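# Report on the structure
Residue strings, one per chain:
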2 protein chains.
Amino acid sequence: MNDFVIRGDIAYCPTKEQLIAVEDGFLVVRGGLCELVCTELPQSAQGLPVHDHRGKLVLPGMADLHIHAPQYAYRGLGADMELLDWLEHYAFREEAKYADLSYADRAYTIFADALKNSATTRAVIFGTIHTDATRLLMDKMEESGLVSYVGKVNMDRNSPEALTETTEGSFRETVRLIRETADRYRSTRPIITPRFVPSCTDELLSRLGRLAEKEALPVQSHLSENPGEIAWVKELCPDSRFYGEVYDRSGLFGGSIPTVMAHCVYSSDEEIALMKERGVTVAHCPASNMNVASGIAPIRRYLDLDLRVGLGSDVAGGHTVSLFTAMAEAMQLSRMYWRHLDSTKKPLTFSEALYMATKGGGGFFGKVGSFEPGYECDAVVIDDSTLPHPQELTLLQRVERAVWLGGDRTGLSAKYVRGQKIL
Amino acid sequence: MNDFVIRGDIAYCPTKEQLIAVEDGFLVVRGGLCELVCTELPQSAQGLPVHDHRGKLVLPGMADLHIHAPQYAYRGLGADMELLDWLEHYAFREEAKYADLSYADRAYTIFADALKNSATTRAVIFGTIHTDATRLLMDKMEESGLVSYVGKVNMDRNSPEALTETTEGSFRETVRLIRETADRYRSTRPIITPRFVPSCTDELLSRLGRLAEKEALPVQSHLSENPGEIAWVKELCPDSRFYGEVYDRSGLFGGSIPTVMAHCVYSSDEEIALMKERGVTVAHCPASNMNVASGIAPIRRYLDLDLRVGLGSDVAGGHTVSLFTAMAEAMQLSRMYWRHLDSTKKPLTFSEALYMATKGGGGFFGKVGSFEPGYECDAVVIDDSTLPHPQELTLLQRVERAVWLGGDRTGLSAKYVRGQKIL
């Protein structure tokens, strides 16, 4: 059961520097785990069913570490404001609609379908404050076959009325979601989701921190995205030395609690040191960082420091769920960083970008995002034959083209999650 | 003949600030020219055949002011170097292949097909130094139905051997192409194309300037793309005050000769003043500026100064022919410029981006890129129904989404060039 072989043109990154490419190779999968990549099947694997994807690319599934499901409906709209104005004028207005379950049903059906048909196999997702809509979102994600963490958002201050909870209510509803979804899913789990410091009181943060620990749940939030936001946090928490410290003193900043923080564009030296110490994962969201004018995150620095770094689409700060696009944009922004901000910070290579989209982000889910032995088999099969070319191309070149030219329509022709074929 | 009506959801920009959107509107076309956009057909237009595109978007065709046809084959490859290294390792090696007409035939067939199936209706194109391959490219472009200027590239110094012409040979071959293609096409014309100052001697530039004037041909080249390139030009032409002056003293910098210069990322105040005085058109190529790490062009400044500015895909510095993508990237880069380089330079608006892609660039071809009376009717019909959404959208929002989410696959369902339906 769940033992099989994927045949195709296989590529993956076991390290940031190494892109392994095996033409007409075999990926042996046993019990849903990768066992071996090879060009000739060993005796022991010869009886296994072969999924024949010859001529197509086989890549690890991508992990989207930061995406707002309720914002998918207005991706590509209103990218004319910076973060705080944009939240008020677009994000919050749209999110208020999810009090209506029939709207949520329509919107989340579209969202889950889009993720299913992308190269993403794992996602860390923001819902809204609405518990029932978030449970509905979890149902849709479970149906999609992807593995995901889905958060009911917590907001008990500085938010529009329709999205402002009481501290007690926010906490209680979070507990309710955890209770109601326990043992309900195979692939979908809740995640503790304080929106960001400006919209959460210290008391709420503390209670969420204790809850994360008690329930052994991971945490997601936003961090140091924009100078105005950072100044606001300093004003709200004058005794904090840096933004991340506010999460940390509530037990919401890594350590024993797996934590992913989106953006980290302007993290201070102290904040970076604490992220490293606590094993906090950075979700780099280049599209969003451009669209809402946040700025360019110092990803080269994070990679050099061996921080955990993955990619996020950050829909709808980002306009597309495509992590292929996120890879291209991460490379593009790193070039602008090198050119305009710090010429000692070498631009990202293709293999670094692919690593971040796969094994880098996959690490938040365990042994995910590579085809090394023991890794859960998440794989996407890409038909790149729709991208005509007059010359011979190497497999590495085909992978590079598929990423740069694929965008939203990847040529996805099959998809495996934890060794299950879901497409 | 060539009198008809296009019915659909029409949008266009008569000015940078104004985006006109007419739901279920009519665009009356007579003799290939736009006559009127209205919501009710006047008596005089009621007998005309109606092309019914109800429910679809009708936008002006886009003008791609800078694209290298021979580089299309390796778009999306090797974006890991900055300009001068990239030219040597990728661009020049690929361009040398176009000495082989059968390779050129395969590659240019793919290229012309891609442009035909994009939202582009006008293009200003670099070929290679090879006269016969460039004529073949012109044949393909003519077959595509698009209107284009196509240049045989001139290079008589500092180039790899396979791409280095003699001064005399370069000039003579340019004349040959002009002769051989005179009266050969309806929609395709040659354009004088010195590659850039580093690869052209003063003598060659002077002879090309006189040729442009004598033959009343437009000019295209590269300008102030990259600091290393600019330093090289200064070294090669120590008596020049700025890069553009080198073109100018050879009569290759606007005035009576319509001239488009790609990039202008680092143009000095004097250079900008001369571009303004001479009416030189700037081809802004945001993807390329990121991919080969050139930097962010000060487009807000150019717009404020009322310079002529359009967009270029700059394939294969850019990785896609999509001017929808170029619009999005121009907006994104303008946000990074505002954030990191000069906070007095307001980010580009959507209407400014659409203006640049249509009327801004279209101006290089005459009255092109708008649906105002007297404009040549270039139009693209976009089926945006493949982009699902749970909420009501205004027509303006639909246009914005189509651009941000469309990318390479625009949902193009019909295309008109100079009043001819070509798709």
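Below: a short report on this structure. Predicted, not measured: the structure shown is a model, and the values here were computed from it.

### Section: the overall build of chain A
When you go through chain A residue by residue, the secondary structure sums to 13 helices and 17 strands. Taken against the 2.2 N^0.38 rule, which gives 22 Å for 423 residues, the C-alpha radius of gyration of chain A at 21 Å falls within 12% of a compact globule. Dimensions of chain A along its principal axes, counting C-alpha atoms only, are 60 × 50 × 40 Å. Buried residues in chain A amount to 67% of all 423 residues.

### Description of the packing of helix H11 (residues 323-341) of chain B against helix H12 (residues 350-362) of chain B
All names here are of chain B. Orientation of H11 relative to H12, taken along the N-to-C sense of each, is 135°, at an axis distance of 9 Å. Taken together, H11 and H12 sit at an angle that is classed as oblique. Crossing hand, H11 versus H12: right-handed. Every residue of H12 that contacts H11 at Leu-323, Met-327, Ala-330 and Met-331 is listed here: Phe-350, Ala-353, Leu-354, Met-356 and Ala-357. Among the residues making up the contact of H11 with H12, the classes are represented as nine nonpolar, no polar and no charged.

### Description of the nonpolar core
By size, the foremost hydrophobic cluster in this structure holds 126 residues, and its most contacted members are Ile125(B) and Met275(B). The leading source of residues in this core is helix H2 (residues 101-116) of chain B, at nine residues. Residues contacting Met275(B), with those up to four places away along its chain left out, are Leu223(B), Phe253(B), Cys264(B), Ser267(B), Val280(B), Val282(B), Tyr302(B) and Leu307(B). Grouped together as the second largest cluster of nonpolar side chains are 125 residues, Leu19(A), Tyr98(A), Ala330(A) and Phe350(A) included.

### What to know about the sheet that holds strand E1 (residues 4-15) of chain A
Residues and elements named next belong to chain A. Within the open sheet, the seven strands sit side by side as E3-E2-E1-E4-E15-E16-E17. Their pairing is mixed. The open sheet has two edge strands with one neighbour each: strand E3 (33-38) and strand E17 (420-421). Bridge count between strand E16 (residues 412-417) and E17: two bridges; the pairing is antiparallel. Residue Tyr-416 lies in a different strand from E17, and its bridge partner there is Lys-421. Against the sheet, helix H12 (residues 350-362) touches E1, strand E2 (18-30) and strand E4 (50-60), its axis set at about 115° to E1.

### A short note on the pairing of strand E15 (residues 379-382) of chain A
Residues and elements named next belong to chain A. Here E15 shows no split at all, with Ala-379 and Val-381 on one side and Val-380 and Ile-382 on the other all buried. The pairing of E4 with E15 spans four bridges and is antiparallel. Looking at the pairing, Leu-57 lines up with Ile-382 of E15. Bridge count between E15 and E16: four bridges; the pairing is antiparallel. Residue pairing in the sheet places Ile-382 in a bridge with Leu-412 of E16.

### Let's talk about the side chain of Ser288(B)
On the secondary structure map, Ser288(B) appears in helix H9 (residues 286-291). The contacts of Ser288(B), once residues within four sequence positions are left out, are Glu225(B), His263(B), Ala293(B), Ser294(B), Asp314(B), Gly317(B) and Gly318(B).

About the cut-offs
Residues numbered from 1 in each chain as written. Chains lettered and ligands numbered in written order. Predicted model: local features only at pLDDT ≥ 70, side-chain atom pairs only at ≥ 80, totals over all residues. Heavy atoms only, no water. Helix = DSSP H or I, 4+ residues; strand = E, 2+ residues; numbered from the N terminus. Rg over C-alpha atoms; globule rule 2.2 N^0.38 Å. Buried < 20%, exposed > 50% of the residue type's maximum accessible area, 1.4 Å probe, protein only. Axes fitted to C-alpha atoms, helices over the stretch in contact; angles between N-to-C directions. Parallel < 35°, antiparallel > 145°, perpendicular 65-115°, else oblique. Left-handed = near helix turned anticlockwise from the far one by under 90°. Contact = heavy atoms within 4.5 Å. Nonpolar A, V, L, I, M, F, W, Y, C, P; charged D, E, K, R; others polar. Core = buried A, V, L, I, M, F, W, Y, C linked by side-chain atoms within 4.5 Å. Pairing = 2+ DSSP bridges.

Keep in mind these values describe shape, not function.
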